[in-house]
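Given next are the chains, with one letter for each unit.
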Amino acid sequence: SVSLLFCELLLLEKVALDAPPRIVEHPSDLIVSKGEPATLNCKAEGRPTPMVEWYKDGERVETDREDPRSHRMLLPSGSLFFLRIVHGRRSKPDEGVYVCVARNYLGEAVSRNASLEVAILRDDFRQTPSDVVVAAGEPAVMECIPPRGHPEPTISWKRNNIRVNDRDERITIRGGKLMISNTRKSDAGMYVCVGTNMVGEKDSDPAELVVFERPVFTKQPVNQVVLADDTVDFFCEVHGDPTPTVRWKREEGELPRGRFEIRSDNSLRLTQVRAEDEGTYTCVSENSVGKAEASGTLQVHVPPQIVVRPRDQITAPGRTVTFLCGTKGNPPPAVFWQKEGSQILLFPIQEPSQSGRFSVSLSGELTIADVRVEDSGYYICQAISVAGSILTKALLEVETPSDRVPPIIRQGPANHTLAPGSTAQLHCHIMGNPIPSIQWEKDGQRILGNDGRISLMDNGTFQITNLQETDSGVYTCLASSSSGETSWSGVLTVKESADTSEAQATEPFQLPGPPHKPIVTDVSKNSVSLTWQPNAHEGGAAVTSYIIEAFRLVAQIKRQ
């Protein structure tokens, strides 16, 4: 009985020292690549030492203890070790939710769930990058969606097989996008999108980034000032990708026809330049990504020319004479007069106190009022500009009154009605001794020679080309010499419905012939009788009246 009691006491002591299982290390979730080893940890305490078993998705896991050929091994610590993870498209024996269970005779303990997932990375990209073409300075964006995978793949990029460094402030990699701001020519190349997770890396098909360059001038045309008939070169060198085209234009119209050449270096050459070639010449360069323009101006200096020369004049003291001096040039020349042998220069708009009886108009006319005998001599008209100078001169003869007959206008301007654009010729055929000078007026105002459409022929005929309606008016021919002055007026009408036959009626061959020489009778102190026979040739119309002119030598006054 004593020994039985002792055994019972020992059993009670042992039971008192035993403990049920307790999980002290729970397994953690795992993501592991196919074919790689993996371990699900599990550690349990208890007395007696618990036995550990594993369950996947609620079913007991077979280990090497049941099947020595199994790739799953139950370690002494209770952890589950996989020699390699087995995973296929149809069979996924190792993937699932695991728990470890520790048991002894006092009970069991169950760990927390731990999932074992197999990492995957598919081959096919869901979106591959596409080729991109941009102009330098513009942003470029390439997009990519990596293959499906677990864990979700991260994205990086390679250019020409070198990893793109997003520490460059111009480069941003966000999601599947590669963004390059302010692209440079050096950014061009072959780009590959790289999808990466623990399985490894997958490269997309390459995509090309092409960085074109807008046209940029390396040499531009410059402003030029040249003389007429010179040769001018405007240079234009340009760089770009693709190679830009180059063309030239003139802002004011066409390039000088027949006198320009675009050379192999894209420069523009103008030959025998004229004043009308002045303007802005623009080099236009263009390629598929941009357009650029650069301009240079051309100024053509034309040396001064005398277009209306002053004529020699003979006049009497006390009269007013005017010498014309029409000039042209580019820039317009300054005109001044000088009497030969005198140091005094006569300029336009000079103070009367300085010029006295002499004045020069803005158009270059020299007017001498109250002419005196000592004014006789040569007067020199000079035109000067930065392009050169030129001069011409005319003789003024001041004679005292004589018994010479005043100038006679044998044929003066007739009335004309002409159409716009046509040409008018107003005749003024004169005779006299000394030879009279001719000047023309329109509506009582002296006609200046500064209109290119107007010309005074050597025979005194006044011609206007390219008629305009504003040319209509009363035109007067003034013939003057030291023996007097005579005038003859005619009306010019310019209108659309002009009948050319009206103008033809006044041509010289249709004018009436002159009467026969007058016969003088009944001469007295204050009167005289004149008789004459008319000319048999009446011309285009019958003569209706005659004009008789008389003059007195003392006062040089004509009467009509």
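Residues numbered from 1 in each chain as written. Predicted model: local features only at pLDDT ≥ 70, side-chain atom pairs only at ≥ 80, totals over all residues. Heavy atoms only, no water.

Thoughts on a positive patch on the surface
Selection criterion: For patch detection, residues must exceed 30% relative accessible area and be free of salt bridges, and they are connected within 9 Å for like charges or within 5 Å for nonpolar side chains (Val, Leu, Ile, Met, Phe, Trp, Tyr). Here the open area of atoms and residues is found with the Shrake-Rupley method and a 1.4 Å probe, where only the protein chains shown may cover a residue. For this document, the term salt bridge refers to a Lys or Arg side-chain nitrogen within 4 Å of an Asp or Glu carboxyl oxygen. For the purpose of charge, His is not counted, nor are the chain termini; Lys and Arg are scored as positive and Asp and Glu as negative. In this description, the location of a charge corresponds to atom NZ of lysine, CZ of arginine, CG of aspartate or CD of glutamate. Counting from the N terminus, the helices are the DSSP runs of H or I reaching at least four residues and the strands are the DSSP runs of E reaching at least two.
Side chains of Lys34, Arg89, Lys92 and Arg122 sit close together on the surface and give a patch of like positive charge. Among the secondary structure elements, Arg122 is positioned in the loop between strand S11 (114–121) and strand S12 (132–135).

What about the state of the cysteines?
For the record, the criterion: Throughout, a disulfide means two cysteine sulfur atoms within 2.5 Å of one another. Between buried and exposed lies partly exposed: a residue is buried under 20% and exposed over 50% of the maximum accessible area for its type, with that area taken using a 1.4 Å probe on protein chains only.
Scanning the entire structure with this criterion turns up five disulfides. Here Cys428 connects covalently by a disulfide to Cys477, the sulfurs 1.7 Å from one another. Around the S-S axis, the bridge from Cys428 to Cys477 shows a dihedral of about -65° and counts as left-handed. Linking Cys428 in the loop between strand S41 (424–426) and strand S42 (429–431) with Cys477 in strand S47 (residues 473–481), this pair joins segments that are 49 residues apart in sequence. Both residues of the pair, Cys428 and Cys477, count as buried.

Some words on the sheet that holds strand S31 (residues 321–323)
What counts here: Two strands pair if DSSP finds at least two bridges between them. Note on geometry: axes are lines fitted to C-alpha atoms, helical ones only across the stretch in contact, with angles between N-to-C directions running from 0 to 180 degrees.
Strand order in this open sheet of three strands is S31-S36-S35, and the pairing throughout is antiparallel. The sheet is open, and its two borders are formed by S31 and strand S35 (358–360), each paired with just one other strand. Direction aside, neighbouring strands of the sheet carry axes that sit 20° apart on average.

Quick word on the nonpolar core
Going by this rule: Residues belong to a common nonpolar core when they are buried Ala, Val, Leu, Ile, Met, Phe, Trp, Tyr or Cys residues joined through side-chain atoms within 4.5 Å. In this analysis, two residues are considered to be in contact whenever any of their non-hydrogen atoms come within 4.5 Å of each other.
Formed by 20 residues in total, the largest nonpolar core has its most connected members in Leu40, Trp54, Phe82, Tyr98 and Leu116. Those residues in contact with Tyr98 that lie beyond four places of it in its chain are Leu40, Trp54, Tyr55, Lys56, Val61, Leu80, Phe82, Pro93, Arg112, Asn113, Ala114 and Leu116.

Quick word on the environment of Val238
Relative to the helices and strands, Val238 resides in strand S24 (residues 237–241). It is 9.8 Å that separates the C-alpha atoms of Val238 and Arg214, two residues lying 24 residues apart in sequence.

Looking at the environment of Pro146
Structurally, Pro146 can be placed in the loop between strand S13 (140–143) and strand S14 (149–150). Taking the C-alpha atoms as reference points, Pro146 and Lys202, separated by 56 residues in sequence, lie 8.2 Å from one another. Setting aside its immediate chain neighbours within four residues, Pro146 contacts Phe125, Arg126, Glu152, Pro153, Ile155 and Gly195.

A closer look at the confidence of the model for the protein
The condition that has to hold: Confidence of the predictor at the level of single residues is captured by pLDDT, which takes values from 0 to 100.
In this model, the protein carries a mean pLDDT of 87, and residues with pLDDT of at least 70 account for 90%. Scored below 50 in pLDDT, residues 501–509 makes 14 contacts in the model with residues more than four places away or belonging to other chains. Low pLDDT, under 50, characterises residues 554–560; the predicted model gives this stretch 23 contacts beyond four residues in sequence or across chains.

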